[in-house]
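Single-letter residue listing:
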Amino acid sequence: MQPKERIKFTPKVKSQFFPTLKSRIEDYFVANEISRHANGTMVVKTIALLALYILPFAALMLFTPPFWVSLFFWFFMGLGISGIGMSIMHDANHGAYSMRPWVNKWLGYTIYLAGAGVTNWKLQHNVLHHTYTNIASLDEDIRDRGVVKLSPHATTGALHRFQWFYAFGFYGILTLYWVTFKDFIQYYEFIKSGVNRQSKKENNSLLMGLIAMKLAYFMVLFGLPIFVAGIPFLHVLAGFCVMHITSGLVLTVVFQLAHSVEGTNYPVANSQGNIEKDWAVHQLETTVNFAPRNRILTWFLGGLNFQIEHHLFPKICHVHYPKIAVIVKQTAEEFDLPYLENESFTAALKSHISSLRRFGMPSINEAIG
């Protein structure tokens, strides 16, 4: 992931799809006299999701319930982390929550509730994933780590034949890995690769901030229950793991259902190191919506089941996705471009498992991207 490996989108013929779509989306907001940022519904959701995380922890501290009951509180905290991450933090760190930068900044810090660093997240997600979606050499979210193969271009190992079964176990440890090691690994990798272009002084401050945040996080999540509420260490450790396994599984599965499913492309650059397509067309070919008519899922997932709309318009608050999806789909059809969609969560999950099976077969390296 050296700077020289950065890929440019250089279509042979410039498509008018995205300029046309942007104009229509702008007209939608103007005609309906609404902001593209958060509305009252989003504010209520923000309060509800923060409460889903904070209130169970407060209940643990105040009532110190029996161990098996306490695990349910930790489970709901895991759902709370997931909801906050997908709805509040995600929109804020894209600049989509509010027109006021300071509101986005402070709501973006809700990522700290998961014990994760905001700067690394922005580099991984906003820069690498959103720009180079499903390009295995640059998209950190499908990068080959030797355990789960999420691209047809990664090396196939002997265990990958069974990854369709064991992958979900690794998905569950995502946020545990994040809160302990991932931020520090990414800190050094992003500096080395040139993705992080901050000065040495800025990065020293970033590292000190990461360490301080992690210490504070563990002091709150472990120190308060143990030393204030008197909950045994092993009980807290078990609950902490339940919380993170829950959030890790939810967050990873939701992401995979939008990109690692049947029908998506995994492009490879040409000999000049470029992708011969428009960036917007690339997004349509590498991204899939799922369960678009499931209102409960749409609410909890922060609209990430409308992943096409999110990738094309990341600075629009997700509460608007169901409405603008109609415009996006219609425009894609007019330009004879794909608009990939799985009708239900179950169909998307089956498609992801099918992709894991396909990627795990030794012959997959001979398949097209």
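Up top is the structure these notes are about.
Computed from a predicted structure; not experimentally measured.

Draft legend 1. Just the environment of Lys200, in detail. Summarising the element assignment, Lys200 is placed in helix α8 (residues 200-228). Here the alpha-carbon distance between Lys200 and Phe190, two residues 10 residues apart in the chain, equals 13 Å.

Draft legend 2. Structural context of the pattern of salt bridges. Under the counting rule described, the total for this entry stands at 11 salt bridges. For the salt bridge of Glu189 with Arg143, the shortest nitrogen-to-oxygen distance reads 2.9 Å. You can see Glu189 sitting in helix α7 (residues 174-193) and its partner Arg143 sitting in the loop between α5 (118-131) and α6 (163-171), a full 46 residues away along the chain. Note on Glu189: relative accessible area 26%, which makes it partly exposed. Salt-bridge contacts for Lys214 lead to Asp183; the nearest nitrogen and oxygen are separated by 2.8 Å. Highlighted residues: Lys214 in helix α8 and Asp183 in helix α7, separated in sequence by 31 residues.

Draft legend 3. Representation of the packing of helix α3 (residues 67-93) against helix α4 (residues 101-108). Two elements in contact, α3 and α4, have axes separated by 8 Å at closest approach and are oriented at 135 degrees. It follows from the interaxial angle that α3 and α4 lie oblique. In the packing of α3 onto α4, the handedness of the crossing is left-handed. For the pair formed by α3 and α4, the contact residues are Ile88, Met89, Ala92 and Asn93 on the first element and Asn104, Leu107 and Gly108 on the second.

Draft legend 4. Region of the structure containing the nonpolar core. Counting residues in hydrophobic clusters, the biggest one holds 49 residues, and the most contacted among them are Tyr53, Trp74, Met77, Leu221, Phe240 and Met243. The greatest single-element share of this core, amounting to eight residues, is contributed by α3. The residues contacting Met243, other than those within four sequence positions of it, are Tyr53, Trp74, Met77, Gly78, Ile81, Tyr217 and Leu221. Among the nonpolar cores identified, the runner-up in size contains 22 residues, and Tyr28, Ala280, Leu312 and Ala325 belong to it.

Draft legend 5. Highlighting the packing of aromatic side chains. Using the criterion set out here, one finds 21 aromatic pairs in the structure. Plain terms: the ring middles of Phe17 and Phe335 are 6.0 Å apart, the flat faces sit at 75 degrees to each other, and that makes the pair edge-to-face. You can see Phe17 sitting in helix α1 (residues 17-31) and its partner Phe335 sitting in the loop between α13 (321-334) and β4 (341-342), a full 318 residues away along the chain. Judged by relative accessible area, Phe17 falls into the buried class, the value being 1%. By relative accessible area, which is 30% here, Phe335 ends up partly exposed. A ring pair is formed by Trp106 and Tyr109, whose centres lie 5.2 Å apart and whose planes are at 85 degrees; its orientation type is edge-to-face.

The rules behind each value
Residues numbered from 1 in each chain as written. Predicted model: local features only at pLDDT ≥ 70, side-chain atom pairs only at ≥ 80, totals over all residues. Heavy atoms only, no water. Helix = DSSP H or I, 4+ residues; strand = E, 2+ residues; numbered from the N terminus. Salt bridge = Lys/Arg side-chain N within 4 Å of Asp/Glu carboxyl O. Buried < 20%, exposed > 50% of the residue type's maximum accessible area, 1.4 Å probe, protein only. Axes fitted to C-alpha atoms, helices over the stretch in contact; angles between N-to-C directions. Parallel < 35°, antiparallel > 145°, perpendicular 65-115°, else oblique. Left-handed = near helix turned anticlockwise from the far one by under 90°. Contact = heavy atoms within 4.5 Å. Core = buried A, V, L, I, M, F, W, Y, C linked by side-chain atoms within 4.5 Å. Phe/Tyr/Trp six-rings, centres within 6.5 Å; stacked < 30°, edge-to-face > 60°.

Just geometry here; none of it tells us what the structure is for.
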